[in-house]
Number of protein chains: 2
Amino acid sequence: MSHLQKLDQYFSEHRDEHLQELFEFLRIPSISSLSEHKPDMLTAANWLAEKLKKLNIDNVSVDPTEGHPVVYGEWLHAPGKPTILFYGHYDVQPVDPLHLWESEPFNPVIRDNKLFARGASDDKGQVYMHLKMIEALFATEGTLPVNVKFIYEGEEEIGSPNLPAYVEANKEKLAADLILISDTGLYAPGKPAVCYGLRGLTGVQIDVRGAKGDLHSGLYGGGVQNAIHALAEILASFRDEHGTIQVDGFYDKVRPLSEEERQAYRDLNFDEEALKEEVGVNELFGEQGYSYLEQTWARPTLEVNGVFGGFSGEGIKTVLPAEAGAKITCRLVPDQDPDEIVQLLKAHIEKHKPKGVSITVSEFDKGAPYLTPFDHPLIQAAGRSYEKIYQVPTAFIRGGGSIPIVASFDEILSLPVVLMGFGLNSENFHAPNEHFHLENFDKGLRVLSDYLHEVSELKI
Amino acid sequence: MSHLQKLDQYFSEHRDEHLQELFEFLRIPSISSLSEHKPDMLTAANWLAEKLKKLNIDNVSVDPTEGHPVVYGEWLHAPGKPTILFYGHYDVQPVDPLHLWESEPFNPVIRDNKLFARGASDDKGQVYMHLKMIEALFATEGTLPVNVKFIYEGEEEIGSPNLPAYVEANKEKLAADLILISDTGLYAPGKPAVCYGLRGLTGVQIDVRGAKGDLHSGLYGGGVQNAIHALAEILASFRDEHGTIQVDGFYDKVRPLSEEERQAYRDLNFDEEALKEEVGVNELFGEQGYSYLEQTWARPTLEVNGVFGGFSGEGIKTVLPAEAGAKITCRLVPDQDPDEIVQLLKAHIEKHKPKGVSITVSEFDKGAPYLTPFDHPLIQAAGRSYEKIYQVPTAFIRGGGSIPIVASFDEILSLPVVLMGFGLNSENFHAPNEHFHLENFDKGLRVLSDYLHEVSELKI
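Quick summary incoming for the structure in this document. Position numbers for residues start from 1 in each chain and track the written sequence from start to end. Starting at A for chains and at 1 for ligands, labels are handed out in the order in which the entities are written. Residue-level local features of this predicted model are given only where pLDDT is at least 70; pairs of side-chain atoms are given and counted only at 80 or more, and the full residue set underlies all totals for whole chains, interfaces and linings. As a rule here, side-chain values cover all heavy atoms of the structure and leave hydrogens and water aside.

1. Focus on the side chain of Glu-287 of chain A
Secondary structure counts use DSSP, requiring at least four H or I residues in a row for a helix and at least two E residues in a row for a strand, with both numbered from the N terminus. Residue placement: Glu-287 of chain A occurs in the loop between helix H9 (272-279) and helix H10 (292-297). Residue contacts are defined here by distance: any two heavy atoms, one from each residue, within 4.5 Å place the two residues in contact. If near-sequence neighbours (up to four positions away) are discounted, Glu-287 of chain A is found in contact with His-242, Thr-244, Tyr-251, Gln-295 and Arg-299 of chain A together with Gly-222 of chain B.

2. Concerning the pattern of salt bridges
One side-chain nitrogen of Lys or Arg within 4 Å of one carboxyl oxygen of Asp or Glu is enough to make a salt bridge. Evaluated as defined, the whole model comprises 54 salt bridges over all chains. In this structure, Arg-446 of chain A engages Asp-8 of chain A in a salt bridge whose closest nitrogen and oxygen atoms are separated by 2.4 Å. Here Asp-8 of chain A lies in helix H1 (residues 3-13) and Arg-446 of chain A lies in helix H14 (residues 438-457), a separation of 438 residues in the sequence. Assessed through its relative accessible area of 11%, Arg-446 of chain A is described here as buried. For every residue, the accessible area obtained with a 1.4 Å probe (protein chains only) is divided by the maximum for its type, and the residue is called buried under 20%, exposed over 50%, and partly exposed between those limits. Given a relative accessible area of 36%, Asp-8 of chain A falls into the partly exposed group. A salt bridge links Asp-248 of chain B to Lys-351 of chain B; the nearest nitrogen and oxygen atoms lie 3.1 Å apart. Taken together, the residues Asp-248 of chain B in the loop between helix H8 (227-237) and helix H9 (259-267) and Lys-351 of chain B in helix H12 (residues 338-351) connect sequence positions 103 residues apart. Taking relative accessible area as the criterion, Asp-248 of chain B reaches 52% and is therefore assigned exposed. Linked through salt bridges whose partners overlap, the residues forming this network are Glu-21, Lys-51, Lys-132 and Glu-135 of chain A.

3. A word on the packing of aromatic side chains
Residue and element names in this part refer to chain A. Planes of paired rings set the category: under 30 degrees apart is stacked, over 60 is edge-to-face and the rest tilted, where pairs are Phe, Tyr or Trp rings (Trp by its six-membered ring) whose centres lie within 6.5 Å. For the structure shown, the criterion picks out 30 aromatic pairs over all chains. Ring geometry for Tyr-10 and Phe-11: centres 6.3 Å apart, planes at 75°, overall edge-to-face. Here Tyr-10 and Phe-11 have matching classes, each one buried. An angle of 40° between the planes, with centres 6.3 Å apart, marks the rings of Trp-47 and Tyr-128 as tilted. Taken together, the residues Trp-47 in helix H3 (residues 38-54) and Tyr-128 in helix H4 (residues 124-141) connect sequence positions 81 residues apart. The residues Trp-47 and Tyr-128 share a single accessibility class, namely buried. Each residue in the set Phe-25, Trp-47 and Tyr-128 is aromatic and connected to the rest through ring pairs, giving one cluster. Seen from the ring of Phe-116, Arg-111 lies directly overhead, with NZ or CZ sitting 4.0 Å from the centre. In this analysis the charged atom, NZ for Lys or CZ for Arg, is taken to sit over a ring once it is within 6 Å of the ring centre and within 35 degrees of the ring normal.

4. Quick look at the relation of the copies chain A and chain B
A residue counts toward the fit only if its pLDDT is at least 70 in both copies, and the copies are then superposed by least squares on the C-alpha atoms of those residues. Overlay of chain A on chain B (RMSD 0.2 Å): rotation 179°, translation along the axis 0.1 Å. The transformation just described matches what one would write down for a two-fold rotation axis.

5. Quick word on the sheet that holds strand E18 (residues 435-437) of chain A
Through backbone hydrogen bonds, the strands of a sheet pair up, either in parallel or in antiparallel fashion. Residues and elements named next belong to chain A. Only strands joined by at least two bridges in the DSSP assignment are considered to pair. Here three strands make up an open sheet; going across it, the order is E4-E5-E18 and the pairing antiparallel. Only two strands of the sheet have a single partner each, and these edge strands are strand E4 (109-111) and E18. Shown here is a sheet whose adjacent strand axes are inclined to one another by a mean of 25°, direction ignored. With three bridges joining them, strand E5 (residues 114-116) and E18 adopt antiparallel strand pairing. For Lys-114, the partnering residue across the bridge sits in E18 and is His-437. Lying on the sheet, H14 is in contact with E4, E5 and E18; it crosses E18 at an angle near 60°. Only the stretch in contact is used when fitting a helix axis, every axis being a line fitted to C-alpha atoms; angles between N-to-C directions are given from 0 to 180 degrees.

See below:
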């Protein structure tokens, strides 16, 4: 029997037992954002630590932070082989509105081969797969083909406030050859994906001030600048009619898409008509010369997230507004630097400042973009593992959103990040009736086990 | 003795008696917007009617409307002479915040030759001057030099909802050669003004809709239009960097300023530095080639009064907003037509509609601009009357605001409107500690009496 056949047999024989054990994990209401669940957070962390110990993982610890604890463990008995650092999170989102759940969020049930529970997909189900894959390898092969470390946090759903400091303080302990994160999804049902890049984020608030107070538009209108008009001019100056950003230097450091990447995206045959239907628009909109996937995965953006000023109640109020403001965020791609982009935005605003107003620009939190090269051996190896199990070509994708902790791992540990996820966008994470397709639980266990063998063969 | 000397003597001898009587009027808390004052409204109307009757005015009536009553009276025993229709209002603004009043709002007191009470200046004090001027003319001359009619309403402070219908229904009864309104102010202390024009008003709300709901700016940003960006483009397209309106045809019907008017405005030596100080700006702003007074009195405007869309709370929310809106009003000047301007705005919005959104435009109430020509004999005569009493040149001004009832008089009765007011901008109308400088009460009585003689001499 090949190692895959042996693993397959092991997972099949232990499936019920594994699911029952996962139910235990899912029954712990580890909602990180609600203080009344603080004891549950510790329960969940300890539960994970116990499971790691039972796998003969060494140096298992539940490490306190200023918030919820981090669970750590390691197994370093594969000399000369690469080390994989596994990351995931044991905390979950709140469950309200509760009345929309068809079964209780912390009472897992299986319907139609889908496991319904808060955290089933995001991320307890996927974290649990790491553990069972290790268990299966030990059981069928007596050892692991690589060295492994585990870091599971309890604050992902609240923005990982304490993890960067923990990682910074434990750089040596966390040293590895790659980080493997299972907290994303397939490209589509039956179509696996390796996510090799995420966009970063930066943002500013623009506050425009004209007169010292709102003025009567009859008495002063025509002779004093209007803060909303001034703001609208600035906002309109940011992009051209296709959404191409007009801020000097904005695109200078954008790493161009390679022809291989563009071809890989084309091969995905993205359904633009379905997207238009989904979001309810008659036409898509974006930078000329790029496909929708390229626009949302590999090109930076500048979006006004909110605008306010003057009178917004019902009817009319003939005020000449003294103040107006807008919130703006940019999604960034490699090799844009969030701090540098903020400086470019400030310079643009200064350059386009209309007469008769003063402007204040304040900065929001920033997150760097992240990219492991598309053709990196670790990325390509992940694609091969998926392909063996799913029997279709793996999609190599990027995410348009930002997972700040990924960029932190990249920055602090200087490691390639491999995002191997098994969820589906339809699985209601963060919403009522979260679920996880067990087909992908089953396949994912096999993919992950195989990936350890793939990595074991690489010279890195 | 000249007629002015006789009047002067009469007003001096009766000053205390007149002020005591005006106190009676001011003690009636005729707040039109508060239903608990409905009986006070009738008391005030009846008080006025009684005073008119005591002056031997004919056909005095307190005419019910759907709101507060209109007081009417007439004296038409000057055959061959012009007829002046006097307008004013007996209702007043609410008085809160009461604790900011230094003396009770409905307990009139005189301090430093200023009469403090709600309505002292706006408009009971000025209405009362009409009555006492008539009394003085009867007393000193035994008759009036012109025919007169009086219409005093009780709903000016709530937008005159019932007056247009009353005027329309009583067109014949109200027929006259001019309407004289005393509800405005001097140009500055010691510097009288005749206001011969007011701007009109029209407005629209623009609602922009992109996707069917707000989207995640990471997942969709770069590929779907953002409603706020689309709105900002439209708003920015309305004006150039100097505020000149870019809507096709917007200025086509604007009546140009005559050289006489421009010279008259220049002669006022308007203090732009003081204005900047007052409103708190470092620089003024407006259409090139026009002075501040021209910009605010004789040129139309387009102002965004309010803007809204997306997230406006504290911090950041990376939403790609599906909806955004703005409220816009235009101040109009003769001969712009409010309906036509709305059509031009709609055409402009349609022409500048960005990709990827749909737009709804809804209309607000409209008011026509009003102008009695600067060189109209009735306007010039008013200037002469002021000049005789104040001993300085009269300012011929326009108002940048809109008094819809003035445009209604103009439209329904097709009469020239002469705005002869005696208030000062510093007199806190609509605010605590409203007051009226009795110097202008005294002078105004003489100005108005003289104006009846001036009009009597005109062939109109």
